[in-house]
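Below are the chains, spelled out letter by letter.
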Amino acid sequence: MQRIFHTPEGVRDIYNGECSQKHHLQAEIYKVFRSYGYEEIETPSIEYFEVFSKEVGTVPSRDLYKFFDREGNTLVLRPDFTPSVSRACATYFNPDQQVVTLCYTGNTFVNNSSYQGRLKETTQMGVERIGDDSPEADAELLAMTIESLLASGLTEFQISVGQVDYFKSLLKDAGLEEEVEERLRSLISQKNYFGVEDLVKEQKLSESLEKAFLELPHLFGTSEVLAKARSLTDNTCALAAVERLEEIYEILKVYGYEKYVSFDFGMLSKIQYYTGIIFQAYTYGIGEPVVKGGRYNELLKHFGKPAASIGFVIVVDNLLMALSRQKIEVAKDEAPVVLTYTEENRREAILEAQRLRKEGTCVALRCEKEED
Ligand SMILES: N[C@@H](Cc1c[nH]c[nH+]1)C(=O)O
């Protein structure tokens, strides 16, 4: 293979109409972020390794692109915006005094295994609401997710909402070993019913806990699952987690968006910093989520300013792919007017092009070789 003609695995060139479509799509989504009063922030693509360390609970270290600066510090290419924005927010704002609402657009880099052609560099557009622990904040972020997807042209999508506190509270009651917890987490999120059953039965748990864990991977669907989740436990934290979802659902009804939302108590993210609701948006034509988000009340503490927070990102590349596979048209720049000229009328052509451009017409000048 001649490397000079190729890009590495997992990254790509975006050209022709697709590049313009991507920018139009981003402009539509940004309008939604702005309409909710979120302010743009840019953070650098490279950060110190510590911003994404194990304690932060983001992408695992082996999936980071790491390198060194001249002083020998370890740097990484940003794999996740949330720790970067949290770091910046803790440095420049006071979220304990006033809610901070930020939005951003940029690329993230994750050195994942390249199976199924997953991209290693993706464009994300996201928002973070920092210093607000209210259910209204949770509902607002879900409403913004829905409006952003509608603005993109999607009509058929579903936002799946989970609550990591529910599972965590049950785990606390169960007192399992860390390694068993990890296996259980992964089996539940894969909805591997038999695997969950085998593992749970080995643990000698109380009857009610056993039942709750066995039900978890089935606990998804419309708002009826909230009542079901409530009936499975008397743990106060787990019940508070269900109550929170009920309240969010009520607020979403005010927005008129409840039909886009379903619940999934078995949804558990690989990201460890989540503390409350987590959510993902799915649509046809793509197996990966087009939106991912959740509440992370403990993350800012790592950067010296504790603040309850919530955010989400739209994975623009996934969304663009879904729109294209669903044959939903995405606006793009119109082709320019082409003005051809020969050496003889070059002056007139340039002046005419300038005049048209001032009027707002896009003009491409092309010199035609005269036949001899
Ligand atoms: N950074 C998360 C999404 C998110 C933004 N804010 C909160 N969560 C991700 O990449 O999956």
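Residues numbered from 1 in each chain as written. Predicted model: local features only at pLDDT ≥ 70, side-chain atom pairs only at ≥ 80, totals over all residues. Heavy atoms only, no water.

Visitor: Can you walk me through the site of the ligand in this structure?
Guide: Around the ligand, the surrounding shell holds 13 residues, and the nearest of these are Asp-80, Thr-82, Glu-128, Tyr-274 and Gly-311. Within the side chain of Tyr-274, one N or O atom sits 2.7 Å away from a nitrogen atom of the ligand. For the ligand, whose unbound accessible area comes to 300 Å², protein coverage reaches 97%. Counting residues per element, the ones that place at least two in the shell around the ligand are β11 (291-295) and β12 (309-315). (Near = heavy atom within 4 Å. Polar contact = N/O pair within 3.5 Å; in protein donor to acceptor, adjacent residues only side chain to side chain. Areas by Shrake-Rupley, 256 points an atom, 1.4 Å probe, with all protein chains shown as cover. Helix = DSSP H or I, 4+ residues; strand = E, 2+ residues; numbered from the N terminus.)

Visitor: I would appreciate a short explanation of helix α2 (residues 81-92) in the present structure.
Guide: Since there are 3.6 residues in each turn of an α-helix, residues three or four apart along the chain are aligned in direction. Taking 1.5 Å as the rise per residue, α2 with twelve residues should run 16 Å; its terminal C-alpha atoms sit 16 Å apart, in good agreement. By the criterion of burial, α2 is predominantly enclosed, with ten of the twelve residues buried. Restricting attention to buried positions, one finds in α2 the residues Phe-81, Thr-82, Pro-83, Ser-84, Val-85, Ser-86, Arg-87, Ala-88, Cys-89 and Ala-90. Residues of α2 that are buried make contact with β2 (46-48), β5 (100-109) and β6 (121-130). Here α2 starts with a cap whose side-chain oxygen sits 2.8 Å from the backbone nitrogen of Thr-82, and that cap is Asp-80. (Expected span 1.5 Å × (residues − 1). Buried < 20%, exposed > 50% of the residue type's maximum accessible area, 1.4 Å probe, protein only. Contact = heavy atoms within 4.5 Å.)

Visitor: Explanation requested: the sheet that holds β2 in the structure shown.
Guide: Hydrogen bonds along the backbone pair up the strands of a sheet, which may run parallel or antiparallel. Spatially, the three strands line up as an open sheet ordered β2-β4-β3, and their pairing is antiparallel. The open sheet has two edge strands with one neighbour each: β2 and β3 (66-68). For this sheet, the mean inter-axis angle between neighbouring strands, taken without regard to orientation, is 40°. As defined by bridge partners, β3 adjoins strand β4 (residues 74-77) across three bridges and the pair is classed as antiparallel. Residue pairing across strands places Lys-66 opposite Val-76, the latter belonging to β4. (Pairing = 2+ DSSP bridges. Axes fitted to C-alpha atoms, helices over the stretch in contact; angles between N-to-C directions.)

Visitor: Explanation requested: the packing of aromatic side chains in the structure shown.
Guide: For any pair of aromatic rings, the description consists of the separation of the ring centres together with the inter-plane angle of the planes. Tallied over the entire structure, the rule returns eleven aromatic pairs. On the numbers, 6.2 Å between centres and 65° between planes, the contact of Tyr-257 with Tyr-260 is edge-to-face. For the pair shown, Tyr-257 and Tyr-260 are each scored as buried. The interplanar angle of 70° and the centroid separation of 5.1 Å between the aromatic rings of Tyr-273 and Tyr-274 together place this pair among those described as edge-to-face. Since its relative accessible area comes to 5%, Tyr-273 is described here as buried. Owing to a relative accessible area of 9%, Tyr-274 belongs among the buried residues under this scheme. Ring-pair connections join several aromatic residues into one group, and the members of that group are Phe-157, Tyr-255, Tyr-257 and Tyr-260. (Phe/Tyr/Trp six-rings, centres within 6.5 Å; stacked < 30°, edge-to-face > 60°.)

Visitor: Explanation requested: the packing of helix α3 (residues 135-152) against helix α9 (residues 236-255) in the structure shown.
Guide: Between two packed helices, both the angle of their axes relative to each other and the distance between the axes serve to describe the pair. Closest axis-to-axis distance for the α3/α9 pair is 9 Å, and the angle between their directions is 55°. Judged on the interaxial angle alone, α9 and α3 are oblique. At the point where α3 passes α9, the crossing takes the right-handed sense. Of α9, the residues touching α3 (which contributes Pro-135, Glu-136, Asp-138, Ala-139, Glu-140, Leu-142 and Ala-143) are Arg-244, Glu-247, Ile-248, Ile-251, Leu-252 and Tyr-255. Here the contact of α3 with α9 is built from residues that sort into eight nonpolar, no polar and five charged. (Parallel < 35°, antiparallel > 145°, perpendicular 65-115°, else oblique. Left-handed = near helix turned anticlockwise from the far one by under 90°. Nonpolar A, V, L, I, M, F, W, Y, C, P; charged D, E, K, R; others polar.)

Visitor: What am I meant to see in a nonpolar patch on the surface here?
Guide: The grouping of Tyr-193, Phe-194 and Phe-220 at the surface amounts to a nonpolar patch, some 330 Å² of accessible area in total. Residue placement: Phe-194 occurs in helix α6 (residues 193-202). The exposure class assigned to Phe-194 is exposed, which follows from its relative accessible area of 64%. (Patch = residues over 30% accessible without salt bridge, like charges linked within 9 Å, V, L, I, M, F, W, Y side chains within 5 Å. Salt bridge = Lys/Arg side-chain N within 4 Å of Asp/Glu carboxyl O.)

Visitor: Explain the sheet that holds strand β10 (residues 277-283) to me, please; I cannot follow it from the model alone.
Guide: Reading across the sheet, the nine strands line up as β1-β5-β6-β12-β11-β10-β7-β9-β8 and stay open at both edges, with mixed pairing between neighbours. The open sheet has two edge strands with one neighbour each: β1 (39-40) and β8 (220-221). The pairing of β1 with β5 spans two bridges and is parallel. The residue of β5 that forms the bridge with Glu-40 is Cys-103. Its contacts with the sheet put helix α4 (residues 164-174) on β7 (157-163) and β10, and the angle it makes with β7 is roughly 30°. Lying over the sheet, helix α10 (residues 316-325) contacts β6, β10 and β12, oriented at roughly 45° with respect to β12.

Visitor: How should I be thinking about the nonpolar core in this particular structure?
Guide: Where a protein is soluble and globular, its nonpolar side chains tend to be buried together. Counting residues in hydrophobic clusters, the biggest one holds 71 residues, and the most contacted among them are Ile-159, Tyr-166, Leu-184, Phe-213, Phe-265 and Phe-279. Core analysis: the next-biggest nonpolar cluster, separate from the first, contains 21 residues, Leu-102, Met-267, Leu-300 and Val-313 among them. (Core = buried A, V, L, I, M, F, W, Y, C linked by side-chain atoms within 4.5 Å.)

Visitor: What am I meant to see in the pattern of salt bridges here?
Guide: Between side chains of opposite charge, a pair can form as their charged atoms come close. What the rule picks out here adds up to 23 salt bridges. One salt bridge in this structure joins Arg-183 and Glu-179, with 3.2 Å as the shortest N-O distance. Within this pair, Arg-183 and its partner Glu-179 are both found in helix α5 (residues 178-189), separated by four residues, close to a single helical turn. Here Arg-183 falls in the partly exposed class, since its relative accessible area comes to 38%.

Visitor: I'm lost on the layout of surface pockets in this one. Help?
Guide: Empty space among the atoms becomes apparent when a probe as large as a water molecule is rolled across them. In this structure, the second largest pocket spans a volume of roughly 180 Å³. Forming the walls of the second largest pocket are Glu-55, Val-56, Lys-168, Gln-272, Tyr-273, Thr-275, Glu-298, Leu-299, Lys-301 and His-302. Each residue belonging to the lining of the second largest pocket can be placed in one class, and the counts come to three nonpolar, three polar and four charged. (1 Å grid on protein atoms, 1.4 Å probe; cavity = no way out; pocket = protein on both sides within 12 Å on 5 of 7 lines; lining within 4 Å. Points joined across faces, edges and corners; volume = space filled by probe spheres on them.)

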